[in-house]
Amino acid sequence: MAREVGRRRDLALGAMLAVVYLFLYAPILVLVGLSFNASGLPTAWGGFSTRWYHELLASSDILAALRTSATIALVVTAVSTTLGTLLALGLERTVRSTVLDTLVFLPAVVPDIVLAIGLLSSFTLLRITLGFQTVVMAHVVFDMVFVAAIVRARLGYFDRSIEEAAQDLGASRLATFLRVTIPVLSPGIVAGALIAFTLSFDEFIIAFFTAGPRVVTFPIRIYSMIRFGVTPVVNAIATAILALSMSLVLLALRLTRREVRRAVEG
Amino acid sequence: MRRWIRSAALATTVVLALAACGGGGDAGGDAGTGGVPLEDQTLTISNWDAYTPEGLIEAFEEETGVDVTLALHTTNEDLVGKIQAAQGGGFDLVFISGNYLQTLIDQGWAAEIDHDLIPNLANLHPEANELGYDPGNRYSVPYTWGTTGVCYRSDLVEDEPTSWTIFHDPPADLVGKMTMLGTNPWLLEPALRSLGFSLNTTDPAEIEAATRWTIEAKENLKGFDDTTFYSELVAGNTWLAQAWDGWCNYGIAEDPNIRFVVPEEGSDLWTDTMVILASSENKEAAHAFIDFVLRPENGKAVAELVYYKVPNRAAMEQLDPKLLEQFPNLGIPPSELLTYESLRDPGEAISLWTDAAAKIKSA
Amino acid sequence: MRGHRGRAAEGRWLSGAVFLGPGLTAWALLFAFPVGLILLYSFFTRGPFGGVEYRFTLRNFERALDPLFVRVLWGSLLIAAGTTVIALLICYPAAYFIATRPARWRLPLLVLVVLPFWTNLLIRTYAWIVLLNREGLVNRVLIGTGILDRPLTLLGTRLAIVFGLLYVYLPLMILPLFSAIERLGEAPRQAAADLGASPARAFVRVTLPLTMPGIMAGCIFVFVPTLGNFVVPDLLGAGKAIMVGNLIQSQFFQARDWPFGAALSISVLAVTTLLLLVQARVLTRERRLLARGA
């Protein structure tokens, strides 16, 4: 009886997840389909064609923009995951105050346009040259807050007795931290890093203001293509990025299989 | 576990190190002022996407040795916002619409153009030297110009639209299939023209009346569309759109059923111009670039590749007649263009316009 | 004894500095300073050509209370709240499902959720336009299968905006929920079942409260950016409905009235700061309850 209820429940929950996937991937599938449509338009199927991919490979500026965004996102992820995790631990375990809690999470709460203009004005005031570094700095400040929030949620039920046990067994505080605390936190850290990368890679308005005239991120490039509505090449871009991310993730999983699986599986 | 953390730390350090030495980049040319030879100057330009004909910049770079960086902006407002926040810096030369020029001039960010450095100014139509937003072209040089009208699918729309009032009182089958431009001043243009008011009005009562007219028209619209309307026309999602003439040509290029017409109440004359920023340290290169663009063959390339009219008489005379056949609005003569109202910056009254837009869009 | 505790307190402040130092420095330089600058601007006047003139005034805040702006702010709050609630209702079961799968399935399932978000937001929103347009796929299918004989107008509606916002911010809801539910594990629910609670009761009285930090994080992550977004209303709303983000953008760019744009931003900031305070309060209370229960 219990198992039946459990299975029915599983079915219902699974159905919900299926709905989520459908919702998330429907437009993606549309894009993938269109990217192989010779006419490029959704109204007519012009036959299977890879011309949009050829056009994409010939667009060096789009590829350059992709490279720029990826590099920025990687650096931002590394820095903000570190800062964010440290922040979460600090807020949860050391200085504890509601006020500090609220203040720290404010960057995630300010409309990005305000932050964007504020940052540009500040950089100009302080005569800091706009470029790669300024975009990274701008992205880090709100990304680290997202990481902190996710890791914090995890810390909420952290059972400190594990740490105490480790210390009773003779481990130093640093060793406990590195070999007990961080690993237990790693699902949260990994989730946070995933979000940090996504947010930075896809971010438009803050990058637009802080990148200066020479640094063109991928969202900036796409946004300026809006002039013509979205050209069919863009469908090819979307499909290519999807394929690339999938393979990157598979590769990452293969390389770090043991560690990451242990982390997520708990 | 330790191995994993260590390799992650190593990776992070490597990435950060790479970023530190590889990432930097100056914001703009810091070649010195006068006395620096042309080939040593650099040029940072901002323009709309695909608004510079292919090969133009490369040809200029080859001929002069100037290193050019092209930045892109999507709207005039974005550009002005960036210049504002950077206190007048960030670029050497910008492409900007004439009705946004005043704010650059008033804040001292637009450099006076040295006409002696641009002999090809002679190629312009004489009318293009007396445009309302900058008489005598002291701070700007016109790049393209044109008007706004109705762009529609002649195979789907029964009667040729002749009036701006079509948005307010459309035939039944057009309801939900029309779009208007969403930014000022074009947002209020159909209303102002239908009501007989000036497009540059700063009278609150007139703006209020136009706002109410537009809110009523909104019921009949599919939406406000500044960017995708031509592909929507081609796809048949939109049957009739308020459109700039050049943009309509992109639609015509894909579907010859699309036509452009200027309503009988008249329209506006917009101009996209080239402006040199006062903060530029490469003014000589900037002037050289403008002169280069004004060459007949380059003006012709602009018209042929971007489908916009250029105020460059020498260029328009060389235009392929077949192009004029395909895109009739390329042939609108300057004399007709000048009967339309040249757009100006509303100055202090801009808040009235922005609030009107907010009222319309939130209604 | 006392010496031991004293050293512990000192150690706490030291580790506080180590943990919080880097983050807080970044926060001060890259957030507090820029935003403070904007806040300052709201007390000044618009320069004659735009920008800021350093003349003190409270007029901007007066103007922000104009019914036009209040109406837009209220509408945005409703849309944001609606999006958040729907996201929560959809994502909680989905996150629960992922968290209760055999261990090796969790990461792939999770990554599948995040993957679409590495394709550019604008492109994905345009794909929705392709789907929802009059000649778009949804209408074609509905008409083709005979369910409808005339196409629906799906774009240019508030519904389309909610849809679009939901689409954009879904992973921000799923990931914190997953993190919280997964950490909980089977134990509390099992214990409740052993004590005779029905699955529903166990969920409401045990699982739900214990995953509250995740729920709060997810809600804030969705509600706040939804409030300030201007791209989705622009594209999917076809400009027929605007949110407060569009207002702020138009003040900075079209009206070039930085002080007023700043004042509008502050009203949004005020709402969201209030929410954060509420969240912090709720979290502290939950934690205290947990500690007492343990």
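Values in this document were obtained by computation on a predicted structure and should not be read as measured data.

### Looking at the overall build of chain A
Inference 1: Within chain A one finds 12 helices and 0 strands.
Inference 2: For chain A, the proportion of its 266 residues judged to be buried stands at 59%.
Inference 3: Counted over contacts in chain A with a minimum sequence separation of 6, partners at least 24 positions apart contribute 71%.
Inference 4: Entry remark: accessible area of chain A is about 10,700 Å², with carbon and sulfur atoms responsible for 67%.

### Here's the deal with the confidence of the model for chain C
All names here are of chain C.
Inference 1: Scored by pLDDT, chain C comes out at a mean of 82, with 93% of its residues at no less than 70.
Inference 2: Here strand S2 (residues 52-53) stands out as the least confident element of chain C, with mean pLDDT 76; helix H3 (residues 67-99) is the most confident, with 91.
Inference 3: Scoring of the predicted complex yields 0.77 for pTM and 0.77 for ipTM.

### Points about empty space enclosed by the protein
Inference 1: Throughout the structure, instances matching the rule amount to 8 cavities of 30 Å³ or more.
Inference 2: Volume-wise, the largest cavity comes out at about 700 Å³.
Inference 3: Considering the residues around the largest cavity, the lining is formed by 38 residues, among which Asp112(A), Leu199(A), Glu203(A), Tyr169(C) and Pro225(C) are closest to the centre.
Inference 4: For the lining of the largest cavity, the secondary-structure elements that each account for two or more residues are helix H5 (112-125), helix H6 (132-155), helix H8 (173-202), helix H9 (205-210) and helix H10 (218-225) of chain A together with helix H5 (121-132), helix H7 (158-184) and helix H10 (212-228) of chain C.
Inference 5: Counting residues per element, the lining of the largest cavity draws most heavily on H7(C), which supplies 5 residues.
Inference 6: By residue class, the composition of the lining of the largest cavity is 30 nonpolar, 4 polar and 4 charged.
Inference 7: Estimated volume of the second largest cavity: approximately 260 Å³.

### A word on helix H9 (residues 283-293) of chain B
Because the α-helix completes a turn every 3.6 residues, residues three or four places apart line up on one side.
Residue and element names in this part refer to chain B.
Inference 1: H9 sits mainly inside the fold: 8 of its 11 residues count as buried.
Inference 2: Those residues of H9 that sit buried are Ala285, Ala286, His287, Phe289, Ile290, Asp291, Phe292 and Val293.
Inference 3: Close packing links the buried residues of H9 with strand S1 (42-47), helix H2 (56-64), strand S3 (93-97), strand S4 (140-153), strand S9 (268-276) and helix H10 (296-306).

### Structural notes on the state of the cysteines
Inference 1: In this structure the tally under the stated criterion is 1 disulfide over all chains.
Inference 2: Between Cys151(B) and Cys248(B) runs a disulfide, and the two sulfur atoms are separated by 1.9 Å. Between Cys151(B) and Cys248(B) the disulfide shows an S-S torsion of about 85 degrees. By sign, it is right-handed. Of the two residues, Cys151(B) sits in strand S4 while Cys248(B) sits in helix H8 (residues 245-254), which places them 97 residues apart along the sequence. Each member of the pair, Cys151(B) as well as Cys248(B), is classed as buried.
Inference 3: Here Cys91(C) stays unpaired: no disulfide links it, and the sulfur of Cys219(C), its closest cysteine neighbor, is 9.9 Å away.
Inference 4: Residue Cys91(C) is classed as buried on the basis of its relative accessible area, which comes to 0%.

### A closer look at the packing of aromatic side chains
Inference 1: Applying the stated criterion across every chain, the model contains 39 aromatic pairs over all chains.
Inference 2: Between Phe60(B) and Phe289(B), the aromatic rings sit 5.0 Å apart at their centres with planes inclined by 90 degrees, giving edge-to-face as the arrangement. Within this pair, whereas Phe60(B) is found in helix H2, its partner Phe289(B) is found in helix H9, the two being separated by 229 residues in sequence. Both residues of the pair, Phe60(B) and Phe289(B), count as buried.
Inference 3: An angle of 50 degrees between the planes, with centres 6.1 Å apart, marks the rings of Trp244(B) and Trp247(B) as tilted. In this pair, the class of Trp244(B) matches that of Trp247(B), namely buried.
Inference 4: Across from the ring centre of Trp239(B), 4.4 Å away, lies the NZ or CZ of Lys177(B), which sits over that ring.
Inference 5: Directly above the ring of Phe97(C) sits Arg101(C), whose terminal nitrogen or CZ lies 4.0 Å from the centroid.

### So, the nonpolar core
Inference 1: Core analysis: the largest hydrophobic core is formed by 182 residues, its most contacted members being Leu115(A) and Ile237(A).
Inference 2: Sorting elements by how many residues they give to this core places H3(C) first, with 17 residues.
Inference 3: The residues touching Ile237(A), leaving out its near neighbours within four places in the chain, are Leu56(A), Ile62(A), Phe218(A) and Ile222(A).
Inference 4: In terms of nonpolar packing, the next biggest core, distinct from the first, is built from 108 residues, Trp109(B), Tyr139(B), Val157(B) and Trp164(B) among them.

### Topic: the interface of chain A and chain C
Inference 1: Between chain A and chain C, the contact holds 97 residues from the first and 91 residues from the second.
Inference 2: Summing the contributions of chain A and of chain C, the shared interface buries around 9,000 Å²; its carbon and sulfur component is 79%.
Inference 3: Our count for the chain A to chain C interface comes out at 1 salt bridge.
Inference 4: Note that Arg101(C) is salt-bridged to Asp10(A), the shortest N-O span being 3.1 Å.
Inference 5: The tally of links from chain A across to chain C stands at 5 residue pairs in polar contact (both at pLDDT 80 or more).
Inference 6: A total of 17 residues in the side of chain A that touches chain C trace back to one element, the largest contributor, which is helix H1 (residues 2-35) of chain A.

### With respect to the environment of Ser59(A)
Inference 1: With respect to the helices, strands and loops of the structure, Ser59(A) is situated in the loop between helix H2 (51-58) and helix H3 (60-93).
Inference 2: On a C-alpha basis, the gap between Ser59(A) and Val141(A) in space is 32 Å, while along the polypeptide they are 82 residues apart.

### So, H6(A)
Inference 1: A rise of 1.5 Å per residue sets the reference length of H6(A), with its 24 residues, at 34 Å; its end C-alpha atoms lie 33 Å apart and thus fit the reference within 8%.
Inference 2: The buried count for H6(A) comes to 22 of 24 residues, which makes it a mostly enclosed element.

### Topic: the pairing of S4(B)
All names here are of chain B.
Inference 1: Extensive coverage of S4 is indicated by the burial of 14 of its 14 residues.
Inference 2: Here 7 bridges tie S4 to S9, and the two strands are oriented antiparallel to one another. Paired with Thr147 across the two strands is Leu269, which belongs to S9.
Inference 3: Direction of pairing for S4 relative to strand S7 (residues 240-244): antiparallel, over a ladder of 5 bridges. Opposite Cys151, over in S7, you have Ala241 as the bridge partner.
Inference 4: Note that S4 and strand S8 (residues 258-261) share 4 bridges and pair antiparallel. Bridging across to S8, Val150 finds its partner in Val261.

Basis of the calculations
- Residues numbered from 1 in each chain as written.
- Chains lettered and ligands numbered in written order.
- Predicted model: local features only at pLDDT ≥ 70, side-chain atom pairs only at ≥ 80, totals over all residues.
- Heavy atoms only, no water.
- Helix = DSSP H or I, 4+ residues; strand = E, 2+ residues; numbered from the N terminus.
- Buried < 20%, exposed > 50% of the residue type's maximum accessible area, 1.4 Å probe, protein only.
- Contact = heavy atoms within 4.5 Å.
- Areas by Shrake-Rupley, 256 points an atom, 1.4 Å probe, with all protein chains shown as cover.
- pLDDT = per-residue confidence, 0-100.
- 1 Å grid on protein atoms, 1.4 Å probe; cavity = no way out; pocket = protein on both sides within 12 Å on 5 of 7 lines; lining within 4 Å.
- Points joined across faces, edges and corners; volume = space filled by probe spheres on them.
- Nonpolar A, V, L, I, M, F, W, Y, C, P; charged D, E, K, R; others polar.
- Disulfide = S-S within 2.5 Å.
- Phe/Tyr/Trp six-rings, centres within 6.5 Å; stacked < 30°, edge-to-face > 60°.
- Lys NZ or Arg CZ within 6 Å of the ring centre and 35° of its normal.
- Core = buried A, V, L, I, M, F, W, Y, C linked by side-chain atoms within 4.5 Å.
- Buried area = accessible area lost by both parts, 1.4 Å probe.
- Salt bridge = Lys/Arg side-chain N within 4 Å of Asp/Glu carboxyl O.
- Polar contact = N/O pair within 3.5 Å; in protein donor to acceptor, adjacent residues only side chain to side chain.
- Expected span 1.5 Å × (residues − 1).
- Pairing = 2+ DSSP bridges.

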